[in-house]
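# Remarks on the overall topology
Letter by letter, the chains look like this.
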There are 2 protein chains.
Amino acid sequence: MKTLVIISHPEITESGSQQFLLSSIADSEMITVHHLEGTYPDGNIDVVTEQKLLKQHDRIVFQFPFYWYSSPPMLKQWQDEVLIDGFAYGRNGHQLKGKEFGLVLSIGVSESEYQAGGREAFSIHELTKPFQAVAFKTGMTYLKSCLIYQFPYMTESQKMTLLIDYQQFLTRAADDSLFTRENWLIDQLLKTNKETLAHGDDLLLQHAIEAIEENRDTIDGLKMVLDEMNG
Amino acid sequence: MKTLVIISHPEITESGSQQFLLSSIADSEMITVHHLEGTYPDGNIDVVTEQKLLKQHDRIVFQFPFYWYSSPPMLKQWQDEVLIDGFAYGRNGHQLKGKEFGLVLSIGVSESEYQAGGREAFSIHELTKPFQAVAFKTGMTYLKSCLIYQFPYMTESQKMTLLIDYQQFLTRAADDSLFTRENWLIDQLLKTNKETLAHGDDLLLQHAIEAIEENRDTIDGLKMVLDEMNG
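Residues numbered from 1 in each chain as written. Chains lettered and ligands numbered in written order. Predicted model: local features only at pLDDT ≥ 70, side-chain atom pairs only at ≥ 80, totals over all residues. Heavy atoms only, no water.

## Some remarks on helix α9 (residues 201–230) of chain B
Owing to its 3.6 residues per turn, the α-helix aligns residues three or four sequence positions apart on the same side. All names here are of chain B. For clarity, the cut-off: Helical segments are the DSSP runs of H or I of at least four residues, strand segments are the runs of E of at least two, and each set is numbered from the N terminus. Any helix carries an expected span of 1.5 Å times its number of residues minus one. Remark: exposure states derive from per-residue accessible area (1.4 Å probe, protein chains only) relative to the maximum for the residue type, with buried under 20%, exposed over 50%, and partly exposed in between. Note on contacts: a residue pair is in contact if any heavy atoms of the two residues lie within 4.5 Å.
Its 30 residues place the ends of α9 44 Å apart at the C-alpha level, agreeing with the 44 Å of an ideal helix rising 1.5 Å per residue. Taken residue by residue, α9 has Leu205, Ile209, Ile212 and Arg216 as its buried positions. The inward-facing, buried residues of α9 contact α8 (178–191).

As structure tokens, this is what we get:
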């Protein structure tokens, strides 16, 4: 699965959260990072290139700061110019059909304000309806969003959790089953460069992988017993 | 009451609906029409001027084609740059508080598609949540929207109805009472330039005004009788 991360941020170098997320993406054939304002500083979007890029990927991610309950203007311009009739919708416009679509939002206000009675009054689920509608209209499957509330106030531990959530958002299969989550984790652990680990940590890593696999064997065994009882 | 109509349309001269609406606005001290792309062709918004304009008006209207369930990019840029902390929200940011806010949307798809099961899946009410949130955050009262579906397919009669709806949207007091609606109508009829009317139509106009006022007298009379009975 190949993921295209379309980032829209007018001042990306000054954004702590964007820089943090970017630094976590390793060089990989599976992930393409594409910053719109950086690619088109004069605002002239190359529509043919953008459409080609979309076709080459299976999961399309919009990553942006949630200003005034929507995207920065550049991403809206991109939508209006790239997702046109005959490409993204309409007669013969099926180029995005079957792909996955998701949002990575950095949000300046705390989560609890996004509800009736809160300072923002509406939930993120309500406020992102226009993007849900884009996914629907173009035939893409809408993923659960990756929501980053008040990054500057996060503890180191919260940031580490965010990093794992973000990595999973970009690369993990969309279903939430234990099997998929374990597979993704083992995959990541196996990919770890052992030379960069402190002495002893490589052993720890190996133990973690074995523990996950052992647990799975136990679960599989229990399932077989259950199946026999039911049979 | 003074109304500011902020129009965002990248190609306004080629838009039949926008030209139709614009042609209906008479020179008036009560309505200011402000086309963003026309005012700032280089995209550099004069924030001080925009904030001054907002302060001078009581009703703020966003008028735009509803592309991808939102505004054109220029209006989003305007929101991000003009509606800033300290002006529109936040500590001491109360400049819009108490004003009225409304949307005039031209929509390319028919009304019946904007529901679950329809081609657009969501209602306009759901899709405009971000604008409702802007009004809430800035302390403005959200008005019912003026929605223009498929203008090119409208009959002449539908277009005349739209014109009256639009005029009311821009200038009529926000409450929907019979009294307010009648007052607005009488006001408009009195303002009509009688020299441009065909022979006999000025008499017709006078009769219409008298009929409305007579009806109101009857209603007022009935109310008094009711009050007496209750007393």
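Next comes the rest of the account.
## Description of the interface of chain A and chain B
Often, the extent of an interface is quoted as the loss of accessible area upon association of its parts. The test is simple: Summed over both partners, the accessible area (1.4 Å probe) lost when two parts come together is defined as the buried area. By definition here, a salt bridge exists when the distance from a side-chain nitrogen of Lys or Arg to a carboxyl oxygen of Asp or Glu is within 4 Å. Pairing of N or O atoms within 3.5 Å defines a polar contact, subject to two protein rules: one partner must be a possible hydrogen donor and the other a possible acceptor, and residues neighboring in sequence count only if both atoms are side-chain atoms. Amino acids are sorted into nonpolar (Ala, Val, Leu, Ile, Met, Phe, Trp, Tyr, Cys and Pro), charged (Asp, Glu, Lys and Arg) and polar (every other residue, Gly among them).
Of the residues lining the interface, 29 residues belong to chain A; the matching set on chain B comes to 29 residues. Contact between chain A and chain B buries roughly 2,500 Å² in total, counting both sides, with carbon and sulfur atoms accounting for 69%. In terms of surface lost to chain B, no three residues of chain A exceed A:Trp68, A:Lys76 and A:Lys137, which account for 29% of the buried area on that side. For the interface between chain A and chain B, the tally reads four salt bridges. Taking the shortest distance from any N to any O, the salt bridge between B:Lys137 and A:Glu120 comes out at 2.5 Å. Remark: the boundary between chain A and chain B carries 10 residue pairs in polar contact (both at pLDDT 80 or more). Elements supplying a minimum of two residues to the side of chain A that touches chain B: α4 (73–82), α5 (124–127) and α6 (129–138) of chain A. Counting residues per element, the side of chain A that touches chain B draws most heavily on α6(A), which supplies eight residues. Taken together, the residues that form the side of chain A that touches chain B break down as 15 nonpolar, seven polar and seven charged.

## Some details on the pairing of strand β1 (residues 3–7) of chain A
Residue and element names in this part refer to chain A. What counts here: Assignment of crossover handedness uses the view with strands pointing away from the viewer, where a clockwise path from the first strand over the helix to the second indicates a right-handed crossover. Here, any two strands with at least 2 DSSP bridges between them count as paired.
Most of β1 is tucked away: five of the five residues are buried. Covered by surrounding structure in β1 are Thr3, Val5 and Ile7 together with Leu4 and Ile6, the residues of both alternating faces. Note that the unit made of β1, helix α1 (residues 16–23) and strand β2 (residues 31–35) has a crossover that is right-handed. Pairing between β1 and strand β3 (residues 59–65): five bridges, direction parallel. Paired with Thr3 across the two strands is Arg59, which belongs to β3.

## Remarks on the domain arrangement of chain A
All names here are of chain A. Stated formally: Domain start and end points were adopted from an automatic or database domain assignment.
Along its sequence, chain A is organised into domain 1 (3–174) and domain 2 (175–231). Put simply, the middle of domain 1 and the middle of domain 2, counted by C-alpha atoms, are 30 Å apart. In this complex, domain 1 contributes eight residues to the contact, which on the side of domain 2 involves six residues. Taking both sides of the interface into account, the surface hidden between domain 1 and domain 2 amounts to around 620 Å²; carbon and sulfur atoms contribute 52%. Across the contact surface, domain 1 and domain 2 share zero salt bridges. Our count for the domain 1 to domain 2 interface comes out at zero residue pairs in polar contact (both at pLDDT 80 or more).

## Considerations on the relation of the copies chain A and chain B
Rule in force here: For the least-squares superposition of copies, only C-alpha atoms count, and only for residues with pLDDT at least 70 in both.
Laying chain A over chain B is done by rotating through 180° and shifting 0.1 Å along the axis; what remains is an RMSD of 0.1 Å. Viewed as a symmetry operation, the transformation between the two copies matches a two-fold axis. Rotation axis and chain A: the residue whose C-alpha lies nearest the axis is A:Pro73, separated from it by 2.2 Å. A high fraction, 100%, of the interface residues of chain A reappear at the interface in chain B, so the copies pair face to face through one surface.

## Quick notes on the nonpolar core
Short version of the rule: Among the buried residues, those of types Ala, Val, Leu, Ile, Met, Phe, Trp, Tyr and Cys that are joined through side-chain atoms within 4.5 Å form a nonpolar core.
Counting residues in hydrophobic clusters, the biggest one holds 74 residues, and the most contacted among them are A:Leu54, A:Phe62, A:Trp78, B:Leu54, B:Phe62 and B:Trp78. Residues in contact with A:Phe62, not counting those within four places in the same chain, are A:Ile6, A:Leu75, A:Trp78, A:Gln79, A:Phe101, A:Gly102, A:Leu103, A:Val104 and A:Phe131.

## Some thoughts on the confidence of the model for chain A
Threshold: Scored between 0 and 100, pLDDT is the confidence that the predictor attaches to each residue.
Confidence in the prediction for chain A averages 91 pLDDT; 100% of positions are at 70 or higher. For this predicted complex, the interface confidence comes out at an ipTM of 0.85, alongside a pTM of 0.86.

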